[in-house]
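Survey of secondary and tertiary structure
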Amino acid sequence: MLSCRPHTKHLSKLKLVRSAAKRRCYSNKVRAFPFAISREQAIADLSFHTALLTGEKVFGSWVRRLLPGLSIGDALLPTRVLPVYLPTWIIDGEAKVTVWAKKQVSDDHFVKDTAQVQFGQSDMPGFVYTPLSNLSFVSPRLLEAPTVPWSEDLRKHDGEDVLCLPFSLSPFKLPDAARSLSMAESSIANVLRFEPSSLKETMLAGYPVLVPGYVAQYEIENVALMPGGSQGSETVSAFIEAGVPRGRAVVEVTSLISAFLDMLNLPVGNFFIRGEYAELARRFANVQSFIGNHTVLKHSSLIEAWINRAVVQGGAVERYRNHFFGTSDQAAARNVDWSDVRIRPFDLDERQANASWLKSGANLYLLQTMLQVYNSKRESAPPTADAASLVPSDSDVQWVKTQIATVEKEREETKPAWIHEYEIQQRLLSPHDGSAAQEARPAERDAVTDVDKPAQVDRLSEANLSADEGKQTEEGRSVAEDTPVEGKRPAEAERPAEDDRSGEGVKRADGGKPSEGDKP
């Protein structure tokens, strides 16, 4: 058993016990990203990042990483290494909601609007082990990697047992959680807020995947930074994602580095994140479109930033699990309903069908919004010759109506079968058909057994990673991150609006930290 040193601001622990973990069965809906790197490569990469961030045996670790076949120099080596699968949900969704919006801060007042929002390839953790469950390990590179159905062969990698964490939560209670927010909590920014009770999801698909990685620990020899300062060794925890070559590394900040940054009056975090897409480790939401009469491009990025902060602040993931699934891993995992038809396998055909249906939904809502704008202009236009030239003609209105009918027909014809099934279930679950629903609902669930908390890993407790740019973690701490990268994942192309009042399809855009505004 290993334990990390007490930190001045928190206690970060990682315990690796080599006792055999109990066997865990996953649903046949689960897909796994195979390990893309060997144990030796993971050690070389992790040792290099850890050495660079601790100042311990940097040259030897760099040479070993550059020339793995040569034993040149004294390299930093871990005392414990463990392969692990991190349960993760990739999410596609669509919802309608009443919003109060300003197009810019200088506008005099908020305008009430009904908007459609779509999320594509967003993600959330399927487990609770902080700080790893406060990070996103779904990168653009990982999304391009192939997946395989879960099988017993995946329990081992390079001849070593892989720790298989349970899915202890699912995304299907997120709409309930959003509807339970107060009006103050639903303020997204000083130009945008929504009415929680109005939120209605029209589509929600969750793809359960297993993201591979390695957890390691190092013994670092520290030298006193100042007279009278502590010296000796301390244990440093580190993690590297293994679904892609040269994945991102998460390394704990040592007390020496922490004291040094304190001396320079620089913000001190608990972890460093290194590697390509390091900045994206704090981003979970990917808004593909946000359409309404009074929505603008920047609203999309504000929604993303608001969701990203909500995931990591104040132990939100753990509170979500405790409230909707259970307060222990064992109880929570048993309450994940694998018979839910909205749980979809992360297969290419499945994802393309769902993405196509979402795209047609955005197109339809955009056309409906355009029709509303046209009708509003025709009703409010004064009966003058000059005004008539600015009003949409009858042919323009008829064209939009024809397009709406065409898209509605195509959308119904291409609706995925599982959405049909879910809609039927919801009709049967209505108050008038409650008894029939119980008979119609599938009674059999995919087996998920033996979901006790694994003995091999105790959580990296209360160590929360935070990005720069004003994002805050649990207890308000921040973390240094390397390699900022713009954007999260490829998003759909922006759709041109008919005029400045019509809705617009929005492509992915980064957003800063929203600020609070006056209530409407």
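Residues numbered from 1 in each chain as written. Predicted model: local features only at pLDDT ≥ 70, side-chain atom pairs only at ≥ 80, totals over all residues. Heavy atoms only, no water.

The next point concerns the overall build of the protein chain. Along its length, the protein chain carries 13 helices and 16 strands. By the burial criterion, 54% of the 520 residues in the protein chain qualify as buried. For the protein chain, long-range pairs separated by at least 24 residues make up 78% of all intrachain contacts whose partners lie at least 6 apart in sequence. (Helix = DSSP H or I, 4+ residues; strand = E, 2+ residues; numbered from the N terminus. Buried < 20%, exposed > 50% of the residue type's maximum accessible area, 1.4 Å probe, protein only. Contact = heavy atoms within 4.5 Å.)

This part is about the nonpolar core. Core analysis: the biggest nonpolar cluster contains 48 residues, and Tyr85, Trp89, Leu210 and Tyr214 have the highest contact counts within it. Elements supplying a minimum of two residues to this core: helix H1 (39-54), strand E3 (80-101), strand E11 (200-222), strand E12 (232-241), strand E13 (249-252), helix H6 (297-312) and helix H7 (316-324). Take this core: its biggest share by element is six residues, from E11. Core analysis: the next-biggest nonpolar cluster, separate from the first, contains 34 residues, Tyr129, Tyr207, Val250 and Phe346 among them. (Core = buried A, V, L, I, M, F, W, Y, C linked by side-chain atoms within 4.5 Å.)

Before going further, it helps to examine the environment of Met370. Here Met370 is to be found in helix H9 (residues 348-380). Note: C-alpha distance between Met370 and Val397 (27 residues apart in sequence) is 9.1 Å.

On to the pairing of strand E15 (residues 287-291). With respect to burial, E15 is a largely interior element, five of its five residues being buried. Here strand E4 (residues 111-125) pairs with E15 via four bridges, running antiparallel. From the neighbouring strand, Gln118 faces E15, where its bridge partner is Ser289. (Pairing = 2+ DSSP bridges.)

Here the focus is H1. Under the 1.5 Å per step criterion, the end-to-end length of H1 is 22 Å for 16 residues, consistent within 8% with the ideal 22 Å. Burial within H1 is extensive, with twelve of its 16 residues counted as buried. Three or more residues of H1 are buried, namely Ala42, Ile43, Ala44, Asp45, Leu46, Ser47, Phe48, His49, Thr50, Ala51, Leu53 and Thr54. The positive-phi residue at the C-terminal boundary of H1 is Gly55, with phi of around 75°. (Expected span 1.5 Å × (residues − 1).)

Once that is clear, we can look at the layout of surface pockets. Roughly 1,000 Å³ of internal volume is contained in the second largest pocket. Glu201, Thr202, Arg342, Tyr422 and Gln426 are, among the 39 residues lining the second largest pocket, the residues nearest its centre. Every element with two or more residues in the lining of the second largest pocket is listed here: E3, helix H4 (174-179), E11, H9, helix H11 (394-413) and helix H12 (417-428). It is H12 that contributes the most residues to the lining of the second largest pocket, six residues altogether. (1 Å grid on protein atoms, 1.4 Å probe; cavity = no way out; pocket = protein on both sides within 12 Å on 5 of 7 lines; lining within 4 Å. Points joined across faces, edges and corners; volume = space filled by probe spheres on them.)

The contact between H9 and H11 brings their axes to 9 Å, and the two run at 155°. Here H11 runs roughly antiparallel to H9, going by the angle between their axes. Viewed along their axes, H9 and H11 form a crossing whose handedness is left-handed. Counted together, Trp357, Ser360, Gly361, Leu364, Leu367, Gln368, Met370, Leu371, Tyr374, Asn375 and Arg378 of H9 and Asp394, Asp396, Val397, Val400, Lys401, Gln403, Ile404, Val407, Glu408 and Arg411 of H11 form the full contact between these two elements. Residue composition of the contact of H9 with H11, by class: ten nonpolar, five polar and six charged. (Axes fitted to C-alpha atoms, helices over the stretch in contact; angles between N-to-C directions. Parallel < 35°, antiparallel > 145°, perpendicular 65-115°, else oblique. Left-handed = near helix turned anticlockwise from the far one by under 90°. Nonpolar A, V, L, I, M, F, W, Y, C, P; charged D, E, K, R; others polar.)

Counted residue by residue, H6 has twelve buried out of 16 residues, so it is predominantly covered. Every buried residue of H6 is accounted for by His299, Ser300, Ser301, Leu302, Ile303, Glu304, Ala305, Trp306, Asn308, Arg309, Val311 and Val312. Lining the buried residues of H6 we find E3, E4, strand E9 (187-189), strand E10 (192-194), E15 and H7. Within two residues after H6, Gly314 carries a phi angle of roughly 60°, on the positive side.

Let us look at the pairing of E13. The alternating pattern of E13 places Ala249 and Val251 and Val250 and Glu252 on opposite faces, both of which are buried. Two strands pair when backbone bridges link them, and E13 and strand E14 (residues 271-274) are joined in this way by four bridges, in the antiparallel orientation. Each bridged residue has a counterpart across the sheet, and for Ala249 the counterpart in E14 is Arg274.

All right, on to empty space enclosed by the protein then. In the structure shown here, the tally under the stated rule is eight cavities of 30 Å³ or more. What the second largest cavity holds in volume is close to 50 Å³. In this structure, the second largest cavity is lined by Leu86, Thr88, Asp123, Met124, Pro125, Phe127, Leu132, Leu135, Ser136, Phe137 and Phe284. Those elements that place two or more of their residues in the lining of the second largest cavity are E3 and E4. In terms of residue count, the dominant contributor to the lining of the second largest cavity is E4 (three residues). Within the lining of the second largest cavity, the residues separate by chemical class into eight nonpolar, two polar and one charged.

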